[in-house]
Amino acid sequence: MSPLARISTSYTPRFAEFAFEPGFTAAVDQHVAELRDKLEAGGGALQPQAPDREVLSDYALGFLDTLAENGWREPVGHDYAVCRLTAISWLVRRHDLA
């Protein structure tokens, strides 16, 4: 399973939390913006362009590897990694990159 598919399967269900966790929603939105900048997918247009699937996949794989190396375990709440993984999942869903 590709890193994008693996992340989407695990973190798309967290979208339901957006309805009652405005702080989480705002944090994920900030992570999406940071990812767009990092992956150069912002483009300055009114509608941001989709990130390149391969570039996002490489980034996601590296992020997952770093989490594994550090022994990260998903917490009950929302930490940096959960927000970042949810943002990756949002980009995958929004731009149909799976």
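Note that the coordinates shown come from a computational prediction; the quantities given were computed from them, not determined experimentally.

1. A few points about the confidence of the model for the protein
Low pLDDT means the predicted atomic positions in that stretch should not be read closely. Taken as a whole, the protein shows an average pLDDT of 92; of its residues, 94% reach a score of 70 or greater. Ranking the elements of the protein by mean pLDDT puts helix 1 (residues 3-11) last with 94 and helix 4 (residues 80-94) first with 97.

2. Overview of the pattern of salt bridges
Side chains that differ in sign of charge can pair as their charged atoms come close. Inspection of the entire model under this criterion finds 3 salt bridges. In this structure, Glu-74 and Arg-14 form a salt bridge, with 2.6 Å as the shortest nitrogen-oxygen distance. Here Glu-74, found in the loop between helix 3 (53-69) and helix 4, pairs with Arg-14, found in the loop between helix 1 and helix 2 (22-38); they are 60 residues apart in sequence, far enough to count as distant. According to the relative accessible area criterion, Glu-74 is partly exposed, its value standing at 41%. Between Arg-84 and Glu-34 there is a salt bridge, with its nearest N and O atoms 3.0 Å apart. Here Arg-84, found in helix 4, pairs with Glu-34, found in helix 2; they are 50 residues apart in sequence, far enough to count as distant. Judged by relative accessible area, Arg-84 falls into the buried class, the value being 3%. Look at the salt bridges and you will find they share partners, linking Arg-14, Glu-17 and Glu-74 into a network.

3. Notes on unusual backbone geometry
One non-glycine residue, Asp-96, lies in the positive phi region at around 50°. By the element assignment, Asp-96 lies in the segment after helix 4. Given the relative accessible area of 60%, Asp-96 is considered exposed.

4. Regarding the packing of helix 1 against helix 4
Between helix 1 and helix 4, the least distance of the axes is 9 Å, while the angle of their chain directions is 110°. Judged on the interaxial angle alone, helix 4 and helix 1 are roughly perpendicular. Contacts between helix 1 and helix 4 involve Leu-4, Ile-7, Ser-8 and Tyr-11 from the first element and Val-82, Leu-85, Thr-86, Ile-88, Ser-89 and Val-92 from the second. Residue composition of the contact of helix 1 with helix 4, by class: 7 nonpolar, 3 polar and no charged.

Rules behind the numbers
- Residue indices follow the written sequence of each chain, beginning from 1 at its first position.
- Thresholds applied to this predicted model are a pLDDT of at least 70 for local features of residues and 80 or more for the giving and counting of side-chain atom pairs; totals over whole chains, interfaces and linings are not thresholded and use all residues.
- Only hydrogens and water are set aside; all other atoms, that is, all heavy atoms of the structure, feed into the side-chain values.
- Each residue carries a pLDDT value, the predictor's own confidence for that position, ranging from 0 to 100.
- Each helix is a run of H or I in the DSSP string that is no shorter than four residues. Each strand is a run of E no shorter than two, and both are numbered from the N terminus.
- In what follows, salt bridge is the name for a side-chain nitrogen of Lys or Arg lying within 4 Å of a carboxyl oxygen of Asp or Glu.
- Throughout this description, buried means an accessible area under 20% of the type-specific maximum (1.4 Å probe, protein chains only), exposed means over 50%, and partly exposed covers the range between.
- For helices, the fitted line uses only the C-alpha atoms of the stretch in contact; every axis is such a line through C-alpha atoms, and the angle between N-to-C directions lies from 0 to 180 degrees.
- Should an angle lie under 35 degrees it is considered roughly parallel, over 145 roughly antiparallel, and from 65 to 115 roughly perpendicular; all remaining angles are considered oblique.
- What makes two residues a contact is simply this: any of their non-hydrogen atoms within 4.5 Å.
- When residues are sorted by character, Ala, Val, Leu, Ile, Met, Phe, Trp, Tyr, Cys and Pro go into the nonpolar class, Asp, Glu, Lys and Arg into the charged class, and all the rest, Gly among them, into the polar class.

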